[in-house]
Amino acid sequence: MSVEEYPVPGAGPYAITTGPDGALWFTLVHSGQIGRLVPGGTPTVHDLDPDAGPTVIVTGPDGALWFTEYRAHRIGRITTGGTVTGFALGECGPFGIAAGPDGALWFTETAADRIGRITTDGTVTEFPLPTAGAFPSAITAGPDRALWFTLNQANAIGRIDLDGAVTVHPLPTEAAAPVGLTAGPDGALWFVEIAAGQIGRITTGGRITEYPLADRAGRPHAITAGPGDRLWFTEWGGNRVGSVTTGGVLTSHDLPTAGAEPHGITLGPDGALWTALEFGALARITPHGKENR
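Residues numbered from 1 in each chain as written. Predicted model: local features only at pLDDT ≥ 70, side-chain atom pairs only at ≥ 80, totals over all residues. Heavy atoms only, no water.

**A look at the sheet that holds strand β11 (residues 105-109)**
- Taken in spatial order, the four strands of this open sheet run β10-β11-β12-β13, and their pairing is antiparallel. The sheet terminates laterally at β10 (94-99) and β13 (124-128), the two strands that pair on one side only. Adjacent strand axes in the sheet meet at a mean angle of 25°, parallel and antiparallel pairs treated alike. (Pairing = 2+ DSSP bridges. Helix = DSSP H or I, 4+ residues; strand = E, 2+ residues; numbered from the N terminus. Axes fitted to C-alpha atoms, helices over the stretch in contact; angles between N-to-C directions.)

**Focus: the pairing of strand β5 (residues 44-47)**
- Relative to β5, strand β4 (residues 33-37) runs antiparallel, the two sharing four bridges. Directly across from Arg36, in β5, lies its bridge partner Thr44.
- Turn length for the β4-β5 hairpin, with the two strands adjacent in sequence and antiparallel, is six residues, and the turn residue Gly40 shows positive phi of about 90°.

**Here's the deal with the UniProt feature "binding site: Mg(2+)" (unreviewed entry) in the chain**
- When the UniProt feature table is mapped onto this chain numbering, "binding site: Mg(2+)" (unreviewed entry) sits at Glu261 and Glu278. Spanning 18 residues, the named residues form one tight spatial group whose C-alpha atoms are at most 5.2 Å apart.
- Following the sequence through the fold, Glu261 ends up in the loop between β25 (250-254) and β26 (262-267).
- Judged by its relative accessible area of 29%, Glu261 is partly exposed. (UniProt positions renumbered as here; feature names shortened; annotations may be inferred. Buried < 20%, exposed > 50% of the residue type's maximum accessible area, 1.4 Å probe, protein only.)

**Examining the side chain of His263**
- Along the chain, His263 falls in strand β26.
- What makes His263 buried here is its relative accessible area of 4%.
- When residues no more than four places from it in sequence are discounted, the contact partners of His263 are Pro13, Tyr14, His221, Ala222, Thr234, Trp236, Thr275, Ala276 and Glu278. (Contact = heavy atoms within 4.5 Å.)

**Digging into the sheet that holds strand β27 (residues 273-277)**
- Spatially, the four strands line up as an open sheet ordered β1-β28-β27-β26, and their pairing is antiparallel. Taken across any chain shown, the strands that pair with only one partner, and hence form the sheet edges, are β1 (2-7) and β26. Adjacent strand axes in the sheet meet at a mean angle of 25° when their direction is disregarded.
- As paired elements, β26 and β27 share four bridges and run antiparallel to each other. Among the inter-strand pairings, Thr266 is bridged to a residue of β27, identified as Trp274.

**Looking at the side chain of Thr224**
- Positionally, Thr224 belongs in strand β22 (residues 220-225).
- When neighbours within four sequence positions are excluded, Thr224 is seen to be in contact with Thr182, Leu231, Trp232, Ile265, Thr266, Leu267 and Leu273.

**What to know about unusual backbone geometry**
- In this structure, Asn155 takes a positive phi of about 55° despite not being glycine.
- Its location among the elements puts Asn155 in the loop between β15 (146-151) and β16 (156-161).
- Residue Asn155 is classed as buried on the basis of its relative accessible area, which comes to 13%.

**Here we look at the packing of aromatic side chains**
- Enumeration according to the criterion identifies six aromatic pairs in this entry.
- Centre to centre, the rings of Tyr70 and Phe95 are 6.4 Å apart; their planes meet at 85°, and the pair counts as edge-to-face. Of this pair, Tyr70 sits in the loop between β7 (65-69) and β8 (74-78) while Phe95 is found in strand β10, placing the two residues 25 residues apart along the sequence.
- Residue classification places Tyr70 among the partly exposed positions, given a relative accessible area of 31%.
- The exposure class of Phe95 is buried, given its relative accessible area of 12%.
- Judged by centre distance (5.9 Å) and plane angle (10°), the ring pair of Trp190 and Tyr211 falls under stacked. Taken together, the residues span a long stretch of sequence, with Trp190 in strand β19 (residues 189-193) and Tyr211 in strand β21 (residues 208-212) at a distance of 21 residues. (Phe/Tyr/Trp six-rings, centres within 6.5 Å; stacked < 30°, edge-to-face > 60°.)

**Describing the environment of Thr204**
- Along the chain, Thr204 turns up in the loop between β20 (198-202) and β21.
- Overall, Thr204 belongs to the partly exposed group, its relative accessible area being 36%.
- Spatially, the C-alpha atoms of Thr204 and Trp148 are 9.3 Å apart, while their sequence positions differ by 56 residues.
- Not counting the four nearest positions on each side in its chain, Thr204 is found in contact with Pro143, Asp144, Trp148, Gly187 and Leu189.

**Looking at the pattern of salt bridges**
- Using the criterion set out here, one finds 14 salt bridges in the structure.
- The residue Glu4 makes a salt bridge to Arg284 at a minimum N-O spacing of 3.3 Å. With Glu4 in strand β1 and Arg284 in strand β28 (residues 281-286), this pair connects stretches of sequence that are 280 residues apart.
- In this structure, Arg114 engages Glu109 in a salt bridge whose closest nitrogen and oxygen atoms are separated by 2.8 Å.
- Three or more residues joined by partner-sharing salt bridges are found here, namely Asp215, Glu235, Arg240 and Asp254. (Salt bridge = Lys/Arg side-chain N within 4 Å of Asp/Glu carboxyl O.)

Listed below in structure tokens is the structure:
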């Protein structure tokens, strides 16, 4: 595996996604900016409020990028041309966001125990969760026309249908603290357990399997589907990027710079994996040859 690091302006690269324009879009959580990088080009940044705290960013159904502003309690939208719009919420700490199968964006409210839904014209609907203090975190669309999300402090994976009905699936490992999750190529949802040092898999029927990392203190943070039958994840505490096959075979790779703090990860427009390194760069990861297991 080869890793190339590309410094970016601003402070605190956090989440990253591939936009509809063939560019990588990323949040700069500490400087309150949204960044854009075409692989091989020069990064640019777009300013938000300095204290906005942009966290997760995704492509919306309208061809714009949508993101959460965790500290400012807003949902943001930026066109590929750089025009920014914000939609104010109550004090709810929005974190994860995903495009739903209904043409809206769905997001988690970490401080309010709710799942939110916002249409592309800014209309917000909120759905309460059955557990207080659950800290809903990442969210993604599943293969079953529902949204799936992690309940970091409730130690569970949740599902919400398009009518707002919620199902909660407790994890087998206590205090696992799930964070990132994504839809896998196998029709299941895959997630990371930051406190337990495990990768998890849940079927749409609620069956859970957990795969321990070699370094249980690696603190896996985000996960994304890659090419083929492999999913890729970041180990924030271990300064590594790892992968897991749909059969549960795990591989980990050290990053070249100590203390890089890898967070978000995505499959880039160039077919490589890209991860946001909070110390101030994006890393391009190219798997090749035999891997050490």
